[in-house]
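These are the residues of each chain, in order.
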Amino acid sequence: QVQLVESGGELVQPGGSLRLSCAASGSISSINVMGWYRQAPGKQRELVAIISSMDSTNYSDSVKGRFTISRDNAKKTVFLQMNSLKPEDTAVYYCYAVLRRVGNSVYENVWGQGTQVTVSS
């Protein structure tokens, strides 16, 4: 019932910008950390950015200064604004959340289905 739905991934030219969004839905009582991971072909999944419930953020060194993560708590949505995109940013981007379901006391790790971002000329 609880799920993360991502959108915004597409083909973009180097130097371009893209904004990803991820909306959490279902019987959710609270969301702690939300974030974005990515996995390029032949590589392991890596953390891109995370944002806490208090809006503190952390970024991978490879995207710091270019990407911005934000969240809308009312809409239970996390965003990733990606600027100055490089070919090496090409990957499947996955939304991630640590959340608690209604009626549950334990926080769970929930993943989105992934959205493809391709940076190419």
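The rules behind each value
Residues numbered from 1 in each chain as written. Predicted model: local features only at pLDDT ≥ 70, side-chain atom pairs only at ≥ 80, totals over all residues. Heavy atoms only, no water. Helix = DSSP H or I, 4+ residues; strand = E, 2+ residues; numbered from the N terminus. Pairing = 2+ DSSP bridges. Axes fitted to C-alpha atoms, helices over the stretch in contact; angles between N-to-C directions. Salt bridge = Lys/Arg side-chain N within 4 Å of Asp/Glu carboxyl O. Buried < 20%, exposed > 50% of the residue type's maximum accessible area, 1.4 Å probe, protein only. Disulfide = S-S within 2.5 Å.

Q: A description of unusual backbone geometry should follow, citing residues and the corresponding values.
A: Its identity as a non-glycine residue notwithstanding, Lys76 has a phi of 50°, on the positive side. Among the secondary structure elements, Lys76 is positioned in the loop between strand E7 (67-72) and strand E8 (77-82). In this structure, Ser84 is a non-glycine residue whose phi angle is positive, near 50°. Along the chain, the position of Ser84 falls in the loop between E8 and strand E9 (91-101).

Q: Break down the sheet that holds strand E3 (residues 18-25) for me, citing the residues and quoting the values.
A: The strand order across the open sheet built from four strands is E1-E3-E8-E7, with neighbouring strands paired in antiparallel fashion. Only two strands of the sheet have a single partner each, and these edge strands are strand E1 (3-7) and E7. For this sheet, the mean inter-axis angle between neighbouring strands, taken without regard to orientation, is 15°. As defined by bridge partners, E7 adjoins E8 across six bridges and the pair is classed as antiparallel. Across the sheet, residue Phe67 finds its bridge partner in E8, namely Met82.

Q: Go over the pattern of salt bridges with me, naming the residues and quoting the values.
A: Evaluated as defined, the whole model comprises four salt bridges. Residues Glu46 and Arg38 are paired through a salt bridge, measuring 2.8 Å at the closest nitrogen-oxygen approach. You can call Arg38 buried: its relative accessible area is 5%. Across the pair Arg66 and Asp89 runs a salt bridge whose closest N-O atoms are separated by 2.8 Å. Here Arg66 is found in the loop between strand E6 (57-59) and E7, whereas its partner Asp89 is found in the loop between E8 and E9, with 23 residues between them in sequence. For Arg66, a relative accessible area of 11% gives the class buried.

Q: Help me get a handle on the state of the cysteines, residues and values and all.
A: Per the counting criterion, the structure on display carries one disulfide. Two residues share a disulfide in this structure: Cys22 and Cys95, whose sulfurs sit 2.1 Å from each other. Linking Cys22 and Cys95, the disulfide has an S-S dihedral of approximately -85° and is accordingly described as left-handed. With Cys22 in strand E3 and Cys95 in strand E9, the pair connects residues that are 73 residues apart, well separated along the chain. The residues Cys22 and Cys95 share a single accessibility class, namely buried.

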